[in-house]
Amino acid sequence: METLKNTIIKQIIQDGLDNSMSYVEYRELVMTKVENNSNTGHEVTEALANYTMLNNKRMKRWDKTIKIGEGVADAIKYKKFNQTWIVITESWCGDAGHVMPVINKIAELNEGINFRVVLRDDNEALMDQFLTNGSKSIAKLIILDTATKDVIATYGPRPSTATLLVNDYKAKYGILTPEFKEELQQWYNKDKGQTVIADLVSLIS
């Protein structure tokens, strides 16, 4: 018998799904925001609009160039899934710009994976259930059993190696400097989504 807490969480998840969009719809939304020099989220600023423009370029590039090895792709294609993957994000999130196209490429390999996107600021109740160290960090992936809405796993806001880099830098310097953030972007560019692929394959195996 489900506890009241589980029932409430499942309703929050369902509310998020009811308010979700496909990855294609999300990409169209981001492009529209760029055209209007704007961004998603409750706070609209010039800085966030600029980050949205950068993210649109990143996602456009990764959508075209992400490569998943044949062995890994076959392992995902022929596995039986009945899962819903929800990513909580916003257009301006730098990590999301690199991670989301990879998640989409993996989800596209198997029709048993239903990939949905929700905006953090429009789905606060959902975000509050999946905090990272008490923070509303994004992009956050929630993997559900489609039939039961049970949470199978969560992932994010960053790939495992990037998380280690961030944690080590914070431990040493207390804050993430602009210089470090630039180094992190360079790491993403060199990694080409391979850490996200390895992380997710390990998670769903």
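Up top is the structure.
Glancing now at the packing of helix α2 (residues 23–35) against helix α3 (residues 46–65). The description of two packed helices rests on the angle between their axes and on the distance between the axes. Contact geometry for α2 and α3: axes closest at 9 Å, N-to-C directions at 140°. By the angle between their directions, the pair α2 and α3 is classed as oblique. Along this stretch, α2 crosses α3, giving a crossing that reads as left-handed. Of the residues in α3, those in contact with Tyr23, Tyr26, Arg27, Val30, Met31, Lys33 and Val34 of α2 are Thr52, Met53, Asn56, Met59, Lys60 and Asp63. Per-class residue counts for the contact of α2 with α3 are seven nonpolar, two polar and four charged.

What follows is about helix α1 (residues 4–18). Relative to the 21 Å expected for 15 residues at 1.5 Å per residue, α1 spans 21 Å between its end C-alpha atoms, a close match to the ideal helical length. Three or more residues of α1 are buried, namely Ile9, Lys10, Ile12, Ile13, Gly16 and Leu17. For α1, the angular spread of buried residues about the axis comes to 160°, placing them on one side. Summarising the geometry of α1, the exposed residues directed more than 90 degrees from the buried face are Leu4 and Asp18. Buried residues along α1 sit in contact with β1 (83–89), β2 (113–119), α6 (124–129), β3 (140–145) and β4 (151–155).

Take the pairing of β2 next. Most of β2 is tucked away, with five of its seven residues classed as buried. For the crossover that starts at β1, traverses helix α5 (residues 94–108) and ends in the parallel β2, the hand is right-handed.

Note: strands within a sheet are paired through backbone hydrogen bonds, in either parallel or antiparallel orientation. Ordered in space as β2-β1-β3-β4, the four strands form an open sheet in which the pairing is mixed. Looking at which strands have only one partner, the edges of the open sheet turn out to be β2 and β4. Adjacent strand axes in the sheet meet at a mean angle of 20° when their direction is disregarded. Examined bridge by bridge, β1 and β2 share seven bridges and lie parallel to one another. Paired with Gln83 across the bridge in β2 is Ile113. Here α1 sits on the sheet and contacts β1, β2, β3 and β4; the angle it forms with β1, its principal contact strand, is near 75°. Sheet strands in contact with helix α9 (residues 194–204) are β1, β3 and β4, and its direction is about 160° off that of β4.

Conventions used here
- Every residue gets a number counted from 1 within its own chain, in the order that chain's sequence is written.
- Selection of residues for local features in this predicted model requires a pLDDT of at least 70, selection of side-chain atom pairs for listing and counting requires 80 or more, and totals for whole chains, interfaces and linings are taken over all residues.
- For the side-chain quantities, the full set of heavy atoms in the structure was used; hydrogens and water were omitted.
- Angles here are taken between N-to-C directions and fall from 0 to 180 degrees, while the axes themselves are lines fitted to C-alpha atoms, restricted in helices to the stretch in contact.
- Secondary structure elements are defined from DSSP: runs of H or I of at least 4 residues count as helices, runs of E of at least 2 residues count as strands, and each element is numbered from the N terminus.
- Should an angle lie under 35 degrees it is considered roughly parallel, over 145 roughly antiparallel, and from 65 to 115 roughly perpendicular; all remaining angles are considered oblique.
- By the definition used in this description, the sense in which the near helix is turned from the far one sets the handedness, with an anticlockwise turn below a right angle giving left-handed and a clockwise turn giving right-handed.
- Note on contacts: a residue pair is in contact if any heavy atoms of the two residues lie within 4.5 Å.
- Residue polarity follows a fixed list, in which Ala, Val, Leu, Ile, Met, Phe, Trp, Tyr, Cys and Pro are nonpolar, Asp, Glu, Lys and Arg are charged, and the others, Gly among them, are polar.
- Here a helix's expected span is defined as the number of its residues, less one, multiplied by 1.5 Å.
- Only protein chains enter the area calculation, which uses a 1.4 Å probe; residues under 20% of their type maximum are buried, those over 50% are exposed, and those in between are partly exposed.
- An arc is given here, and it is the one of the directions from the helix axis to the C-beta atoms.
- For crossovers, right-handed means that the path from the first strand over the helix to the second runs clockwise, given strands pointing away from the viewer.
- For two strands to pair, DSSP has to find at least two bridges joining them.

Scope: geometric values only; no functional claims are made or implied.
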